[in-house]
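Listed below are the residues making up each chain.
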Amino acid sequence: MPNATNCGATPVLALELDRNGNVSKKTMKLDREAQLTNSLLHGLYPGIRVATVDVPAEPLDSCEQAMVEQALTRIEIDGIRYSLVGASGSAKNGKFYAVESSFEKTLGERFRFSPQAAITYFGILVSSCKVLVEEPECRVMVVDDHEFGTNDCRGWISQSLFRKLQQKHQSELLARETERLHAQRIAERSEEQQDLPLTDTEEKALVEQAKRRIQGRRIGAHRFYQFRLAFDKTQAKGAFKVMADEVARHLDVDIILPRSCVKPKYQGKVLRTIRSLMGDRQAHTFRGPVMVGFRDVSRNLEFNSSYTLLEHAPEDSIELEIKPYALGQIEKVRQAFEANNFTELFQLLGTQESQRVLEPGDETDPDYTSNEYTVAQAALIADATGYMLRHPFIQHHLQRVLMKWAYRLCTSGGFHLPGFALADDGYLFLHEGQVVCGSDWIPKTSAIAESSCRRGLVVRYPIRMKEDLLPAELLSVEDTVRLLAQHLEQRGCQLSTEGVAAVATEQLQLRGTLVLHSETAARNGGDFDFDMVCLVEDNRFPRFVADRFAYEEQHSAVKTKNPKPPSPWWNLPQVSMQARGNQIGAITDLKTSCLAKGRPDLARELVDQLQNALDQLKHGTQPDQEVIRTIRNDVPTAPWLKLKQKRRIEDMDEHLDVDGNDKVGRLYNFIRKELGRFFGSAATARLSDFRGVIGGQSFTPKIYQECFVVNRYYGNRVTEIMGRRQQLIADLEK
């Protein structure tokens, strides 16, 4: 493994192939994820040239498909030959990765020259991490799931190695923030003082300011850590808990991985396998260079509600719990809007479509922030007069934000649910010189989470059926300690109450996590590689929770894990094209339309098809298109689903003709009339009214003419695109 000292970004080319196999460049995205910043790929192979290749996502005829497949075997741009090597989760959308051809064999070896493995697991190498370190001499033990307190895709990292990651992340944050503040300080000076260095006092004050500003962004202790790891010509992904250094020294390891983390399945050398069969637990311990990074860290989150959740709520919950909340939100937004209180307005609307950071003092992660929200928010908050609200572009963005909020409000009630990283109950510690470990000991009906409720429903999206809302009794801190003490005592471990409480605090009650038994988590498709879940709490929605607890389950989704048929490496383009196709959203909405039409029987038929679509990339399953087609012909689309892509509240119908069984449709009609036309866009001013906003700079007639031409071209293109869009929408609605 190369000694990587810089795992920063090397520009990633963005390419696309048309239906005839012609390659062209696209505009490159510059975010961390798109540029593979702190990724294993750039860490392992510094300076490697990488390109993303988008192929047509729509169906192709046999000739077109053959031309695209042929083009994928010989990608050449700017005189450099690229070879297809894999994909991430975006394969279903027709996005793949290629690298300069000299690296193809090396990367193919990491996936045992299996096209299916490369398409499924290459994403591990291109995931952007918050921090990445290389340990030249690291000990990694691969064990069976549940050994040493591991679980499905969840392992252990030593305290000392964790601190290295933590400290490196802090130093990188501090360096970036100090550099930013330094540039800001210099920019504030007059031109005559621009080149003067800061004094020692100024430098010290600047560093202290930078330290204060990064407080909420540091990687904290007692959390759950999503990781990416490379070792021994293979790779792994999942989540870590932290084990004490005394345990690591006793076992002579730095990292413990369950086999489920290693992708593709870890086999080791023949000699290792023989030693393992003879009972040698150290047989699958790798010693050598390891690269490990943290991709995410558990924290308190809020999830927006969804119509796929609301459709399972009982009528009394909708009437007495959800409608009152929605009406209250309308009034709060109305007041903030009328008072030009845009800080409050954007807090009410949220900063991202699906989830946002909840913890006061912690800064929002850029991965969870939409540019659309932040640009509009900055412009509106900066303007004390409130006139910027009438700017056409600001108004356009605000209307889109309000539209998304209004649609969620009308179809799901607009409430938020506490969100968590799904974690397991595994523990590992040293007691009287002996390793004590275990997993899956909490009751299958229980959960551990930071919540004031006693009972709740654990929700993991996408929701396939009502059975996916897992009823759970939440254990208090005292209950957790008591049950763990009983469990340890049954295993012959006499640990003091303080010792049990310490284990619970350090390994179970981790911030931002919800702990379940692995069999319970699997009921709605969850495992412990940092799946996100949310909680419907009985102290907020007692009727909703009580209804699910009383519900008799009628269906269970079965995962079909078809073994991937072996295919030679040269068929990678063909396997890639077969991986396209994302039907998850379409099947979910069809299932919703079935429930809206009062056909739960058809909705249950679609549960298995949805599961097949979810498992398509990983397990090679395919939804039954005949079943989907037949149901689609029998069930009309719920009318409110057609409003998803509207851009203004005033474009939403004020009343829809909905079926009597359509809970979401009836909620829509009730909430939509309360919105009225209050949030219309009639106040938009002409763009020329804002000519004086930007001033103080000089320009030449040539610059003016260039800007005029670009502006005219931009306006004509936008007008043309909007006309085409409106025509397509009209055709679609027919």
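Scroll up to find the structure.
Below, the structure is looked at part by part. This structure is a prediction, so every number in the text was calculated from the model and none was measured. (Residues numbered from 1 in each chain as written. Predicted model: local features only at pLDDT ≥ 70, side-chain atom pairs only at ≥ 80, totals over all residues. Heavy atoms only, no water.)

### Examining the overall build of the chain
And step 1. Tallying secondary structure elements over the chain gives 25 helices and 23 strands in all.
And step 2. By residue count, 50% of the 734 residues in the chain fall in the buried class.
And step 3. Of the contacts formed within the chain by residues at least 6 apart in sequence, a portion of 78% connects residues at least 24 apart.
And step 4. Of the accessible surface of the chain, which amounts to about 34900 Å², a share of 50% is contributed by carbon and sulfur atoms. (Helix = DSSP H or I, 4+ residues; strand = E, 2+ residues; numbered from the N terminus. Buried < 20%, exposed > 50% of the residue type's maximum accessible area, 1.4 Å probe, protein only. Contact = heavy atoms within 4.5 Å. Areas by Shrake-Rupley, 256 points an atom, 1.4 Å probe, with all protein chains shown as cover.)

### Things to note about the packing of aromatic side chains
And step 1. Using the criterion set out here, one finds 14 aromatic pairs in the structure.
And step 2. Taking 5.7 Å as the distance between ring centres and 45 degrees as the angle between the ring planes, the aromatic pair formed by tyrosine 97 and phenylalanine 122 counts as tilted. Highlighted residues: tyrosine 97 in strand β6 (residues 95-100) and phenylalanine 122 in the loop between α4 (115-121) and α5 (123-126), separated in sequence by 25 residues. Here tyrosine 97 matches phenylalanine 122 in class, with each residue buried.
And step 3. Relative to phenylalanine 294, the ring of tyrosine 225 has its centre 5.0 Å away and its plane inclined at 15 degrees; by these criteria the two rings are stacked. Taken together, the residues span a long stretch of sequence, with tyrosine 225 in strand β9 (residues 225-231) and phenylalanine 294 in strand β13 (residues 285-297) at a distance of 69 residues. For the residue pair tyrosine 225 and phenylalanine 294, the accessibility class agrees, reading buried in each case.
And step 4. Here the aromatic cluster, defined as three or more aromatic residues joined through ring pairs, consists of Tyr97, Phe111 and Phe122.
And step 5. In this structure, arginine 154 packs its charged tip against the face of tryptophan 156, placed 4.4 Å from the ring centre.
And step 6. The ring of phenylalanine 549 carries the charged tip of arginine 455 above its face, separated from the ring centre by 4.0 Å. (Phe/Tyr/Trp six-rings, centres within 6.5 Å; stacked < 30°, edge-to-face > 60°. Lys NZ or Arg CZ within 6 Å of the ring centre and 35° of its normal.)

### Some remarks on the nonpolar core
And step 1. Membership of the largest hydrophobic core comes to 57 residues, with the highest contact counts inside it found for Leu309, Trp405, Val536 and Trp640.
And step 2. Considering every element that reaches this core, the biggest residue donor is helix α14 (residues 392-412), with 10 residues.
And step 3. Look past the residues within four positions of tryptophan 640 in its chain and what remains in contact with it is Tyr307, Tyr407, Thr411, Thr592, Leu656, Asp662, Val664, Gly665 and Tyr668.
And step 4. Residues Leu41, Leu44, Ala87 and Ala117 belong to the second largest nonpolar core, which totals 48 residues. (Core = buried A, V, L, I, M, F, W, Y, C linked by side-chain atoms within 4.5 Å.)

### Side note on the pattern of salt bridges
And step 1. A full pass over the atoms with the stated rule returns 42 salt bridges.
And step 2. Taking the shortest distance from any N to any O, the salt bridge between lysine 644 and aspartate 589 comes out at 2.9 Å. Of this pair, lysine 644 sits in the loop between α23 (625-634) and α24 (663-675) while aspartate 589 is found in helix α20 (residues 584-596), placing the two residues 55 residues apart along the sequence.
And step 3. The class of lysine 644 is partly exposed, set by a relative accessible area of 32%.
And step 4. Through salt bridges with shared partners, a single ionic network connects Arg139, Asp252, Asp254 and Arg287. (Salt bridge = Lys/Arg side-chain N within 4 Å of Asp/Glu carboxyl O.)

### Details of the sheet that holds strand β4 (residues 75-77)
And step 1. On the basis of which strands lie adjacent, the open sheet formed by six strands has the order β2-β1-β3-β6-β5-β4 and mixed pairing. In this open sheet, the two strands that pair with only one neighbour each are β2 (23-25) and β4. Going from strand to strand, the sheet's axes swing by 40 degrees on average, the running direction of each strand aside.
And step 2. One ladder, built from three bridges, connects strand β1 (residues 13-17) with β2; its direction is antiparallel. Opposite leucine 15, over in β2, you have lysine 25 as the bridge partner.
And step 3. Strands in contact with helix α2 (residues 62-72) are β1, β3 (50-54), β4 and β5 (80-86); relative to β1, the strand with the most contacts, it is inclined by about 150 degrees. (Pairing = 2+ DSSP bridges. Axes fitted to C-alpha atoms, helices over the stretch in contact; angles between N-to-C directions.)

### Here we look at the packing of helix α15 (residues 477-490) against helix α16 (residues 497-507)
And step 1. Here α15 crosses α16 at 110 degrees, and the two axes come no closer than 9 Å. By the criterion of interaxial angle, the relationship of α15 to α16 is roughly perpendicular. Seen from above, α15 lies across α16 with right-handed handedness. On α16, the residues touching Thr480, Val481, Leu484, Ala485 and Leu488 of α15 are Thr497, Val500, Ala501, Val503 and Ala504.
And step 2. Residue classes in the contact of α15 with α16 are distributed as eight nonpolar, two polar and no charged. (Parallel < 35°, antiparallel > 145°, perpendicular 65-115°, else oblique. Left-handed = near helix turned anticlockwise from the far one by under 90°. Nonpolar A, V, L, I, M, F, W, Y, C, P; charged D, E, K, R; others polar.)

### A few points about the side chain of aspartate 468
And step 1. Within the secondary structure layout, aspartate 468 lies in the loop between β20 (455-459) and β21 (470-474).
And step 2. Taking relative accessible area as the criterion, aspartate 468 reaches 1% and is therefore assigned buried.
And step 3. Apart from the residues within four sequence positions on either side, aspartate 468 is in contact with Val458, Pro462, Ile463, Arg523 and Asn524.

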